[in-house]
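Chain residues, written in single-letter form:
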Amino acid sequence: MKLLKYFNSACILIICIILISALYIQFGLHEEPCPLCLLQRMGMMGVILGLSLNVFYGFDTNHFSVVIISALIGAIFSVRQVMLHLCPVAGDTGYGSPVFGMHLYTWGVCIFMASILGSALFLFFGDRFKHRENHKALNYEKYAVYLAVLVIFINVVASFFECQFGPCCENGPCI
């Protein structure tokens, strides 16, 4: 069971690193995220929420359902953005700079599929989740969640300053 806790916390930290990297690309490299990118970030935040519920309330199939649903929603936005750039016109190399040869939205598809696969593998151990009454969150698990809360807060504030109370639009007003 302790190995599952380590893996759960590692997944939270991996997604935090991805969201921090997205913030670096946004503010360090001055590449503003498009509306679909922001929706993909929200999907990753939902994945973090489901994994964080495991930390504080013990492993439960409902928490993995939150992860899977969030990952499916995020994957829809990622696949949509990939499809927009499947047959690019001359001069269109995709949105944003590639990272390790793939654009961030393509990495998003991989991340969301890994989240779904990882949750499905966790669910194979579903019979072990029944005994949650003596669950206690360990310090490293709490620190991972606290970092995730900070990263999510920074992402929400950054999105607010980009979009205010209206829709986020790329290159001018929305249609």
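Since we're looking at a predicted model, the values are computed, not measured.

1. Focus: the overall build of the chain
So, point 1. The secondary structure content of the chain amounts to 5 helices and 0 strands.
So, point 2. Put simply, the chain runs from its N terminus to its C terminus through helices and strands in the order α-α-α-α-α.
So, point 3. Considering only contacts within the chain whose residues lie at least 6 apart along the sequence, 78% involve residues at least 24 apart.
So, point 4. Accessible surface, the chain as shown: approximately 10,400 Å² in total, 72% of it carbon and sulfur.

2. Things to note about helix α4 (residues 104-123)
So, point 1. For α4, with 20 residues, the first-to-last C-alpha span of 28 Å sits near the 28 Å given by 1.5 Å per residue.
So, point 2. Residues Tyr-105, Gly-108, Ile-111, Phe-112, Ser-115, Ile-116, Gly-118, Ser-119 and Phe-122 constitute the buried set of α4. Within α4, the buried residues cover an arc of 165° as seen down the axis, which keeps them to one side.

3. Here's the deal with a nonpolar patch on the surface
So, point 1. A surface patch of nonpolar side chains, about 980 Å² in accessible area, is lined by Leu-13, Ile-20, Leu-147, Leu-150, Phe-153, Ile-154, Val-157, Phe-160, Phe-161 and Phe-165.
So, point 2. If you list the elements that add at least two residues to the nonpolar patch, you get α1 (2-28) and α5 (139-163).
So, point 3. For the nonpolar patch, the leading source of residues is α5, giving 7 residues.
So, point 4. Summarising the element assignment, Ile-154 is placed in helix α5.

4. Brief notes about the layout of surface pockets
So, point 1. Here the largest pocket is characterised by a volume of approximately 520 Å³.
So, point 2. Listed by contribution, the elements that provide at least two residues to the lining of the largest pocket are α1, α2 (35-57) and α4.
So, point 3. Tallying contributions element by element places α1 first for the lining of the largest pocket, with 8 residues.
So, point 4. Grouping the constituent residues of the lining of the largest pocket by class yields 17 nonpolar, 7 polar and 3 charged.
So, point 5. Estimated volume of the second largest pocket: approximately 230 Å³.
So, point 6. Along its surface, the second largest pocket is lined by 14 residues, and Cys-11, Ile-15, Ile-111, Ala-114 and Ser-115 are the ones closest to its centre.
So, point 7. When residues of the lining of the second largest pocket are assigned to their parent elements, the largest contribution, 6 residues, is made by α4.

5. What to know about the packing of aromatic side chains
So, point 1. All told, the structure shown has 6 aromatic pairs when counted by the stated rule.
So, point 2. Centre to centre, the rings of Phe-160 and Phe-161 are 5.7 Å apart; their planes meet at 70°, and the pair counts as edge-to-face.
So, point 3. Judged by its relative accessible area of 60%, Phe-161 falls in the exposed class.
So, point 4. A connected cluster of aromatic rings, assembled from ring pairs, spans Phe-7, Phe-59, Phe-64 and Phe-122.

6. What to know about the nonpolar core
So, point 1. Ranked by internal contacts, the top residues of the largest apolar core, which has 22 residues, are Ile-12 and Leu-19.
So, point 2. Elements with a contribution of two residues or more to this core: α1, α2, α3 (61-84), α4 and α5.
So, point 3. The leading source of residues in this core is α2, at 6 residues.
So, point 4. Here Ile-12 is in contact with Leu-51, Ser-52, Val-55, Ala-144, Val-145 and Ala-148, once residues within four sequence places are set aside.

7. Brief notes about the environment of Val-67
So, point 1. You can see Val-67 is positioned in helix α3.
So, point 2. On a C-alpha basis, the gap between Val-67 and Leu-53 in space is 9.9 Å, while along the polypeptide they are 14 residues apart.
So, point 3. Setting aside chain neighbours within four positions, we find Val-67 in contact with Val-47, Gly-50, Leu-51, Ser-115 and Ser-119.

8. Details of the environment of Leu-138
So, point 1. One can find Leu-138 in the loop between α4 and α5.
So, point 2. On the accessibility criterion, Leu-138 (29% relative accessible area) is partly exposed.
So, point 3. With sequence-adjacent residues up to four places away left out, Leu-138 is seen in contact with Lys-2 and Lys-5.

Cut-offs used in this document
Residues numbered from 1 in each chain as written. Predicted model: local features only at pLDDT ≥ 70, side-chain atom pairs only at ≥ 80, totals over all residues. Heavy atoms only, no water. Helix = DSSP H or I, 4+ residues; strand = E, 2+ residues; numbered from the N terminus. Contact = heavy atoms within 4.5 Å. Areas by Shrake-Rupley, 256 points an atom, 1.4 Å probe, with all protein chains shown as cover. Expected span 1.5 Å × (residues − 1). Buried < 20%, exposed > 50% of the residue type's maximum accessible area, 1.4 Å probe, protein only. Arc of directions from axis to C-beta. Patch = residues over 30% accessible without salt bridge, like charges linked within 9 Å, V, L, I, M, F, W, Y side chains within 5 Å. Salt bridge = Lys/Arg side-chain N within 4 Å of Asp/Glu carboxyl O. 1 Å grid on protein atoms, 1.4 Å probe; cavity = no way out; pocket = protein on both sides within 12 Å on 5 of 7 lines; lining within 4 Å. Points joined across faces, edges and corners; volume = space filled by probe spheres on them. Nonpolar A, V, L, I, M, F, W, Y, C, P; charged D, E, K, R; others polar. Phe/Tyr/Trp six-rings, centres within 6.5 Å; stacked < 30°, edge-to-face > 60°. Core = buried A, V, L, I, M, F, W, Y, C linked by side-chain atoms within 4.5 Å.

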